[in-house]
Structure formats: C-alpha cells, structure tokens
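Survey of secondary and tertiary structure
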Amino acid sequence: MSKNLSHLSGRQGLENNLFDQLGIAARSSGTPDAEALDKLQHEFLFGKANIYGTVSFYDFLKEENKGKRIFICNGSSCMTADTQDNVKNKISKEFEPSEIGEMCCLGRCHENGSFHYEGRNYSGNSIDHLSAIISEHKFISDQYTTESYGTPIVTVPYPDAAEYYQLFLECLKKSPDDLLSELKISGLRGRGGAGFPIAFKLGACRESPGDTKFIVCNADEGDPGAYSDRYIMEHRPHALLMGMLIAGYITGAEWGVLYIRAEYPESISIIADAVTQLELLKLTGKNIGGSGFNFNFKIIKAQGAYICGEETALLSSIEGQRPEVRVRPPFPTQQGLFNKPTVVNNVETLSCIPFVMQKGGQSFADIGKGKSTGTKLVSLDGYFNRPGVYEVDMGTPMAVVFNDLGGGFKEPVKAIHIGGPLGGLVPLHKMTELTLDFESFSQNGFLLGHASFVCIPDSFPIVEYIKHLFKFTAHESCGKCFPCRLGSTRGYEMLEKATTTDYKIDMTLMTDLLETLEIGSLCALGGGLPLPVKNALQYFSDELKMYFK
Amino acid sequence: MTYNKLTTTAYINGLPYDLLAGETILSFIKRNKSRDAIPTLCDAPNLEPFGSCRVCSVEVGLTEDGPLKTQASCHTPVMPGSYIYTDTEKIKKLRKNIIELVLTDHPLDCLTCEVNNNCELQTVAARVGIRDVRYPNGKNHLDRQKDLSHPYMTMDLSKCINCYRCVRACDEVQGELVLSMSGRGFDSRIVKGNDVTFFESDCVSCGACAQACPTSAISDVFESKSVVYDKKVRTVCTYCGVGCNLEVSVVNDKVKSIRAPYDAEVNQGHTCLKGRFAFSFYNHPDRITSPLIRKDGVLTPATWDEAYDFIAKKLIEIKHQYGPDAIAGISSARCTNEENYLMQKFIRAVIGTNNIDCCARVCHSPTALGMQRAFGTGAATNSIEDLKHTDCILVIGANPTDAHPVTGAKLKQFAMKGKPTIVVDPRRTELARYATYHLALKPGTNVALLNMMLYYIITEGLEDVRFIENRTEGYTSFKDQILALNMDELAEITGVEKELVRLAAIAYAKAPNAMSFHGLGVTEHTQGTFTVMLISDLAMITGNIGRPGVGVNPLRGQNNVQGAADMGCQPHQGAGYLNAYDPEINKQYEAFYNTVIPIGKGLKIPEMFDASINGKLKALWLMGEDVVQTDPNTQKVIKAMEQLDLLVVQELFMTETANYATVVLPGASFFGKEWHIYQWGKKNTESPKSSRTTGRYKSGRTDHSGYHECDGF
C-alpha cells in the first residue's frame, strides 16, 4: 500500500472514484482498454504501473476476463454438493470455453448448481432452463427459509422507511457520546469473523483528529458458504443503512461506503434502490432532519478478490490500489480510507445498531452468552433439509441449529466447515459439544467466523477438501507476505502430488508449513488456513494417513 | 514483574533497554544491539515498514513468564515493559522455513550470480542455516527473461523475491511510480509501466530500485552492488546544488560504480541519474592530460613548467604594458571554495585588479542582495532536513524535479501526500501537477503575484502581529502601500485568478510552519532582487522565519554557487562579501594579503567581453567556465575570445572556449579533489594522473608570478 496513492486517489473525492471507474471501463468487454487506463492514470496522477497492477489483480478486471459471459460458481458448497459438473456440461453446450469463467461463491449455497449470467445469479434447477434464460432473460429467484430462534434483531421486519427512520431522527437529538455508550453497554462485536467490539472502533475513530472520516461497510461476503449478509442487503437493507448513518453520526463521518461484491448483483441493486429512497426522504445529504449532520452513501462494486474482505485490503481496493494487506499500526481508525480515520464493519454488525438504539444497549447485552452478546445469523447449505438463514441467540446449542432449525441432513455428513474457508473443520461428533458463540468455538479449537455451514458428506474425500482449501488460498492470496504467497501453492502441490502419484508427504514438512503459515502470515488468510487443515489431520487421520509418510 | 504502562523500558532477551517513543521492535533492537541483530529482507533504511518477508519476526510477551506471540518486528511498535525474544527455537525455525519457501522459487546458482557474496538473500539464507529444500519440485519462475533494454538499468525477475523494495523506492523515494507488482499470489511479478521494458517505461534512471533490491533482480550495467573495489571513497556530487553524498568504488584509480550512502542527511541513500551513473567522463580518453600551449596556431602539449613560465611571462608583459586592469579572471561555481578563493586572491593580490567574476554573481546575486537587504545575509535559511518540520511549501520560479532531482523528489513526496503545496510558475512543472495550488502566472510577473499574496494575507487578517512588532521595521508604510494596490489590475497583469491567489495566500499564512523555495525563475529577471525581497516579506509578515521548518531557500544552480560568492569571486565584493571598493575595508585586505589590493571598479563578465572587443582587456583566465557555450550572444563571446592576447582555460575537456585558448591547463574533476564546497559535505577522492587540482596550480602560478605566499591562505 502506498500512502502517496491513497492520498492521490482521495483527492478526487468519493464521487469520482478510481476503482469505480475501472469497473465501468471493464463493463463492455470484461477488461478496461488501454485508452481508458491511460485516461484514468493521468486523471488520478497514478503511475501506469499502478493502474496496470490493480487491473491485473482482480478476477473481473484482468485481461484474462475479456470476453467472459457466463460464470460458474466454484465455491465450497457447490463443490461438495457435486452440482457443478452438470452445470458446466450444460453451459458448455451454449457457450465457447473462452466465454465461460468462474466466480467464487454466489451465495446460493442453499440451492447449489449456481451460475452467473448477465448480471444475475441462478441456482437450483435453473440450469435446466438455460436456453430460456439466454433467449428470454428469464429470471428465476431463489428460495430459502429465514427464521429466528430467540430474539429477532436483524431479521425482525421493519415498517416503511419513513416511519422506520424516525428512530434515526431520534438518535440525532442525542449526543454521539450517549449513543456510543449504548453501544458499549450492548457489547456488540464484529460479525465478520474477528469479533472486535464495534464501540471501541467507533470511539477510536471519533477521537482521531480530522474533518474527513469514513464509515465503510464490508459487504464483501466472500466466505464460500455464507449468504447471511446477502440476506440482510436484499431483505433488510434499511437496518444496514440506518446502522451506517448512526455510526457516521457517532464518529463525525460524512460518508458511508458500501463495498459490495460483484457476485451479489441483486444486493447491489437493492441497496442502490434503498439509498435512492433515503435521498427522496431527505435522510441523506446536508443537514439531515435539521440536525446539522451531513451524510452520503457511495456504493462500490467489488471486482472479484476474496482478500478484499480483509479490511485494509478493502480500503486499498476502494482507493484503486492493489488490495494488498496493510501493516498495522496505523489502524484504519487512525489512517484508513484515503489516509483518513475510518471504521470498517461488517454488514450484520452495522445492522444490529438500530436495535441497540431502539431497545437500549442493555437489552442487546441481555441476549446471548457471556461476551457473545446479541444474536448471530447462520447460513445453512443445501445438505440441510431446511437450508436457509437463521437468526439465533448467541449461545444456542448447536443441536438446536441442526435439528430444530436445519431439520437434519438430507444425506450422511461427516464434517461441517463452519465459519468460512479459514474456519474450523468440525467433525460431526464434536458438534453437540458446541454452542453457537465466539467462546465455545475457540475453546474447542474451532472458529465461529461468519457462521456459515458447509457440509462435507461421507462420500467426499477429506483430502480433496483440504486440497481445495489450499487451492482457494493460493488463488486468493494477495501475494504480499512470503509465507502465504509461497506456502499456499507449495501445500497445494504436495497434496496434488500425493493424490495423483505415489508421492507421500513428509508430515514434519507439512507441520512446518502449517506453523509457518499460522504464525508467519501477515493476515488471517495465510494465518487461518492451517486451522481447518489441522482439524482434518486430527479428526480424519485415518482417511489421510495414506498420503503421508 | 508485571506489565507497567508507565515504564520506558523493554527487554531484549531478558535484558532491559530504554525505549524511544514510537519505536518499532526492529529499530529498538537495532539501536540497542547491532544493525544486523535481526535478519530482514523487505526492510530498507529509507523505506516505510512493509511487513512482507516476515523474516524479522520475534516472540513477544507482555510479562516475563507470560504467553508469547510471534510478531514481525519491522512494523510492530514496542509495548513498554514487554519482553522480546529474538532467537527462540520457534523463531529460528520460522525464519528457516520462510527462507526454504523462498528458495523453492529462486535459482540456486549463487556462484555465477552477479551479486554473489553481496546478496541479502544469500546472507540471510546462510545465517538461518538452510541446508536443503524439502519441497518437491513445483511451479517456479526461473525461466523469466532478463530485461536488458535500458542503457543503465537491468532486470532479471527470476531472481526476484517479491519484497517490493523496488516498488516502494520508486514510490516513496523518487515518487516516479514506474514500478508496481502485477497479478496476484504466487504468480505476482514486478512490472514497469503497462508491463513494458525498462527502456520503454517512464523510468528516470535514478537507480533507487536497483540500490533497494536485495538480490540481483534489479541492478545496473555497472553492477554497482557487487563490484570489487580497491577502496570506497565518500565524496559530494557536483552536478547540482543539492550536494548528494556519494560512495565511489575505485579500482586501479578508475571509478567503477557509485552508490548513495544511507547515512547522508542530504540524500539518505538516494541520488539521481547523474550522481549515480554519469561518471564515465572521469576516465574518458578525451580528458585533457597535459598542458597545451598554442604554437603556430596549434595547441601543442607542454610541461607544467613550460606552461607556467609561458603564462607568467605573458601576464607580466601585459601588466607592464597595459596595467593590471587589462587582465581578468572568471572563476567557477563548480569548483571548490579553496580554488575560488585562490582565484580571486590571484587576480586581486597578484595581478592587482578587481576584474574577477563568476556565474554565482549572475544567477543568484538577486538572492544574495535581496536576502541581504531583508535579513542581513544572503544564504538559504534552512537545511533540507527542515522539510520534515514544515506544513506548507511555496515553490516559486523553480523546477526542482528536473534541476535538483533529489531535493525535487523530496518536495514531490511532500506534495504527493497532499500537504499544502503552492507552485508559482508559468509552466506546469512536475511539482505543479501534484501541487495544491498552481499559480500559473505570466512570465515576468512575480512581483505582482507576490504583492497579491501579501495583500490577501493582510486583508484576511493573517499577519503574525507579534513577529512584525518585535522583529521588523517599517511595517506600517509597507502595509499601506500593499493595501493601495488594485487586485483586479494585478490579476490582469499576472493572469492568475484572484480567488486562487487568495486561497494560496491563506494556505501559506495559516500553516503553522511554511517554507519557500525559489530558483532562477525568480532571480533571472530584471526585478529579481525585488522578488526575493517580497518572498522574504512573505516569510516575515507571517512569522515564517527563525524556526525549524520555516524560512526562505534559494535553490542554487551549480554545486558551489554559495561558496564561490562567499569566497569573493565577484568584482564588487571580496572574500566574505566585504565591499571591495571601500577604502577602509581595503586596508584590512591589504594587511591580510600583505600587498597592495586594488580599489578600482572591476569588470563583470559581460563587461569583460566588451572590454576585450574594445581592446582594453588583453588577458583572460577562465577556470572551469565554458563561456562560448553558455553565455548569451555566442558570436560576440567568440569575438571577445579571439581579440585576447592571452586566454588561459583550465578544463577537463576541450570545450568550445578551450578551442580559442592560448594555454589550456588540464583540470581535476570533483572526483580528484580534496577540498570543500559550501553545501553539506566534503569531497575527497584521488586525482587522475597528470591533472592538477585547480588550487595546486594556482599556488604554483603565484610563485611564477613573483608573489610570495603568506601563511595559510
């Protein structure tokens, strides 16, 4: 990351955003042409190399993306569901190989068989209607269950926007310090995976000197298997936007940026409509409700890079830099977007704020267990009888999630990968020992993460699954730190060689590699990969020992 | 012991050391143990911490027996009271395992590599004790093609370890943004521009990337990183007024390569294309290696004694026949203080005339005079270090990224970070592209524009009243005159919108600390002195003088403009700027030189040409000044040279002027001198054979001229 580039990008303000412009320039052919790049380079005073470096980083901007028209989901859930060979076969009949790309997780893990065509996602049986989709632009929406177990906080229906935002206008009458202290009392922690208290971030940003500050919503829900943020954006967009407005009021930020992944086209358009609605209600812009508070939203469409879910990479991404993980300090609350104080929070976290403001921090803190207050959304994949997004109180026994909500499995499952690709690989027999909260998972050697559930059926070889994880990390590694850039590829190669030849992996070498990744990596991508691999080595040693010497 | 927030101590391997505020673990350890106490690859002395290689990792505990966490030392601040362990078994293993991974994608041909024994990867690999690579053969990038397209820079990405030091140097040091990483993950690789060759890219050949590169992935044609040398000599570059320190590798009296030392305040491990690569002139076969005397119209080699005798004889003849004022000398702002001092002393004390001048008087005399009037002395009020303490810069009539590349790069860094930068220049200079305010005035309207700035500072009520009361004189009438000006009229004259000037003036006045820089775009105008005075007024009216990070800074053209003027190489002022035409002062000079010193008006350079054409000037001695090439009206200058009875030229090469010389004396370049210039350093290398430092033959010459040296100078 370059402080110079951060500043130069920020000079143009958010209205004229370099990363946005690159996405627009790539729209027609799949990659920006040389003329567009030249123009942007001059406009933003970047070096040619900087723009080239950025474009070449993203799946949906890079030159290889040129001419791609249809994208097949290669996420973990579609892989274990074994639906994608069929999808690919059918697509290959209609499209040239050069027109077919891949996307990593379209968030249709409840139906699988997912693919993306002309700005829309399809899943389930949609592939059987491919010709109608192509010729008639037939739209087929997906179906999943949404229920609450305990107190509905995020899933609770809200009234029409004009009425709902009375809550926000009430907040504007209170002091930011009062609102911040409610958040402190609530104990609300980040739902994106790290579990960091939001009040601490907002407070630090509020204390940071500077007139220009930003609230950034991390809507780059890249974990394969997770689609709860997508649920919020598409079904509860105003809970999120109000959360951002309140966060802006607390910190003194006047801009809210929603960084939404390109793999969620519907989310982008629904959020855009919701922002327009706020504009019409005069709930954005200058002097909102006569309070003197100014706030505007900017939607940034991501371009296909899992690493952008890491907050500092996300900030560099918005700036049009290569989304490489930054060192900390400085923390984003000190020097974030365009070198200005910035709070980055996940969709679900921000969406909890209206509840805290309405019912008080204590009401939120009363829900849950220990330091895990409130509720958590979980995403159950297509192996459950009732796949969907469920909101459960923190501390809910896992058996309840599985049986009462998920309705059990459609076919025998041996492990569940919970919390994204860097979460723990939980064998089924451990499941009943867990409750759904941060502490229970970490004490048992797993990770709650974003609480996505990807089932691994009995028939799916564990070795193939961990190979998939190494491959995923190797593809998504930003390449900045040595352990992740090199280690993810070397790990994949060893597993590939062991599964296709008589090569046996040296267990000491694998252990060394995992430790190097775990303690040596700059961010949680390289640092997190060892957890599920170590879980696999521990709980599925019988299945794996044939590949090791 | 428990963790104590108030302590200013932390422990390295069990021993306590004092902490400095904001220190990283790595700098803390380096400062207290040794520079190489921790192995690193992506760290470099002049770059921001980056955290990519992770080799510098250490274990840290908040209590003596508490749990330990592995942290990269380069970017992690030291927690007061923490316990740092630099070489635990876990850390040793981690470092070794990281290097093992690096070596899975690096050629193992050290013995034939350009940087063998000078490679940081090789050093770290040996240190962590790598014996073999356990991974099976996999994907690699060993077949990447070399890029040898450029006259200086070379690239071999098969040797690249992706530490980004080159990318960061191009960004954080030079600010050129030519390099970036491309792609991602395992296949990411360095690109220049839109993935073009070095030659096709916008590279300015500063060489910062090559110097930063820990392997031979980026190097230069001189193989600077690895050249075997008899000795390394530290000197000061004389290409421009910045004064970069250089470290010269010498083999058999030949310059082999140049690197920029990191411990030099002026350039901190950086220099420009010229400083780093333009040294081949030193051993060039075209160098003049012996004195030449014109015989029968042809310059013919002669001995030094022959040359001295010839010159002395001719000068004595001319002095007897026409008087001392028929002789003149032009000194050089590229030469050392000692040489310039001796030159003016020779002309004044030995010849007996004030006909001594040099380009320093021409280019920056408005600075000297203007600042003398304003502040009492005519020199920069700051060192370049002050840039770290300033909040706003005003650059007027200067294009430092071209003319003073290393200082220019620092100013550009300032502007690129969005700190208030005001550029006053008709041209859209590189700095103007990045500036907050570019006041693109019409050429020759500096005075009008600065008056506008002063006007708005006053009308906005932004004067520093206390400073003005305590430290200035005549402010009331100055203010009245400024306020009497018509801004619409001045806006018309300058061609700059009033509002833009107002905003720039506010930015300058409101900055806690503001510095100004000016160049020849200020001084080489008829109103140059007044412009310098107005720049000084701007500083005074806002109290921006007399503290770190504030002041007025002329960007001198040649390396020793300051010194040449200080030494008295101008007709009206002797050494130390004392009035050469004042009888009282003259007595002091006479007492010091122990001879009669002239008091009559001396000739300035253009007057010398006229005097020669009019037959009044018969002899001219030029030291390192190619007047035919550089002075205006070439035909006239040639005519002046042709009219002379004696033209002595001291030069490195046969210049345009040397072609008209009666005697040519071979000069020593800056690599061959051991004397001083007035910047920030000392020069110090060996002399090439058969050339003499200008001062040496000045001394020799005075003996031949019958003047006896006094003690010292």
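Residues numbered from 1 in each chain as written. Chains lettered and ligands numbered in written order. Predicted model: local features only at pLDDT ≥ 70, side-chain atom pairs only at ≥ 80, totals over all residues. Heavy atoms only, no water.

1. Looking at the overall build of chain A
Within chain A one finds 26 helices and 18 strands. Its C-alpha radius of gyration of 23 Å places chain A within 12% of the 24 Å reference for a compact globule of 549 residues. Summarising its shape, the C-alpha atoms of chain A cover approximately 70 × 55 × 50 Å along the three principal directions. The proportion of buried residues among the 549 residues of chain A is 64%. The contacts of chain A with a sequence gap of at least 6 include a subset with a gap of at least 24, amounting to 73%. Of the roughly 18,800 Å² that chain A leaves accessible, carbon and sulfur atoms contribute 50%. One way to put it: in chain A the 52 positive side-chain charges average out to a point 3 Å from where the 65 negative ones average out. (Helix = DSSP H or I, 4+ residues; strand = E, 2+ residues; numbered from the N terminus. Rg over C-alpha atoms; globule rule 2.2 N^0.38 Å. Buried < 20%, exposed > 50% of the residue type's maximum accessible area, 1.4 Å probe, protein only. Contact = heavy atoms within 4.5 Å. Areas by Shrake-Rupley, 256 points an atom, 1.4 Å probe, with all protein chains shown as cover. Lys, Arg positive; Asp, Glu negative; His and termini not counted. Charge placed at Lys NZ, Arg CZ, Asp CG, Glu CD.)

2. Considerations on the domain arrangement of chain B
Here chain B is described as being made up of domain 1 (9-87), domain 2 (110-225), domain 3 (231-285 + 672-710), domain 4 (292-363 + 563-666) and domain 5 (365-554). For domain 2 of chain B versus domain 4 of chain B, the separation of C-alpha centres amounts to 51 Å. (Domains from an automatic or database assignment.)

3. A word on the interface of chain A and chain B
Contacts between the two partners involve 55 residues from chain A, matched on the other side by 58 residues from chain B. Interface of chain A and chain B: buried area, both sides summed, is about 4,800 Å²; carbon and sulfur atoms make up 56% of it. The largest per-residue losses of area from chain A upon contact with chain B belong to A:Asn4, A:Phe482 and A:Arg490, which jointly make up 15% of the total buried on that side. At the junction of chain A and chain B, the tally comes to 6 salt bridges. Between chain A and chain B we count 31 residue pairs in polar contact (both at pLDDT 80 or more) in total. Of all the secondary-structure elements, those providing two or more residues to the side of chain A that touches chain B are helix 1 (3-10), helix 4 (48-55), helix 21 (462-476), helix 22 (482-500) and helix 23 (507-520) of chain A. It is helix 22 of chain A that provides the largest number of residues to the side of chain A that touches chain B, a total of 10 residues. Counted by class, the side of chain A that touches chain B contains 23 nonpolar, 17 polar and 15 charged residues. (Buried area = accessible area lost by both parts, 1.4 Å probe. Salt bridge = Lys/Arg side-chain N within 4 Å of Asp/Glu carboxyl O. Polar contact = N/O pair within 3.5 Å; in protein donor to acceptor, adjacent residues only side chain to side chain. Nonpolar A, V, L, I, M, F, W, Y, C, P; charged D, E, K, R; others polar.)

4. Remarks on the sheet that holds strand 10 (residues 218-220) of chain B
Residue and element names in this part refer to chain B. Strand order across the open sheet formed by 3 strands is 6-7-10, with antiparallel pairing between neighbours. Of all the strands in the sheet, the pair left with one neighbour each is strand 6 (146-147) and strand 10. Note: strand 6 against strand 7 (residues 153-156), 2 bridges, orientation antiparallel. By the bridge assignment for strand 7, Lys 146 is matched with Asp 156. (Pairing = 2+ DSSP bridges.)

5. A few points about the nonpolar core
All names here are of chain A. Ile 307 and Met 510 are the most contacted members of the largest nonpolar core, which has 117 residues in total. Ignoring anything within four residues of it in the chain, the contact list for Met 510 reads Phe 470, Met 494, Leu 495, Ile 505, Leu 537 and Phe 548. Grouped together as the second largest cluster of nonpolar side chains are 63 residues, Tyr 264, Val 347, Ile 353 and Met 357 included. (Core = buried A, V, L, I, M, F, W, Y, C linked by side-chain atoms within 4.5 Å.)

6. Comments concerning the environment of A:Arg108
Residue and element names in this part refer to chain A. Structurally, the position occupied by Arg 108 is in the loop between strand 2 (100-103) and strand 3 (115-117). For Arg 108, a relative accessible area of 3% puts it in the buried group. In sequence terms Arg 108 and His 238 are 130 residues apart; their C-alpha atoms lie 22 Å from each other. Excluding its chain neighbours within four sequence positions, the residues that come into contact with Arg 108 are Ser 114, Asn 121, Tyr 122, Ser 123, Asp 142, Arg 230 and Glu 266.

7. Regarding the pattern of salt bridges
Pairs may arise between side chains of opposite charge once their charged atoms sit close together. Evaluation of the coordinates by the stated rule reveals 59 salt bridges over all chains. For the salt bridge of A:Glu348 with A:Lys376, the shortest nitrogen-to-oxygen distance reads 2.7 Å. Here the residue A:Glu348 occupies a position in helix 16 (residues 347-359), and A:Lys376 occupies one in strand 12 (residues 375-380), the gap between them amounting to 28 residues. Owing to a relative accessible area of 1%, A:Glu348 belongs among the buried residues under this scheme. Residues A:Asp512 and B:Lys93 are paired through a salt bridge, measuring 3.5 Å at the closest nitrogen-oxygen approach. Residue A:Asp512 is found in helix 23, and its partner B:Lys93 is found in helix 2 (residues 89-103); the two belong to separate chains. Accessibility expressed as a relative area gives 8% for A:Asp512, which makes it buried. Classification of B:Lys93 by relative accessible area gives partly exposed; the value is 36%. In this structure, a network of salt bridges that share partners links the residues A:Arg108, A:Asp142, A:Arg230, A:Glu234 and A:Glu266.

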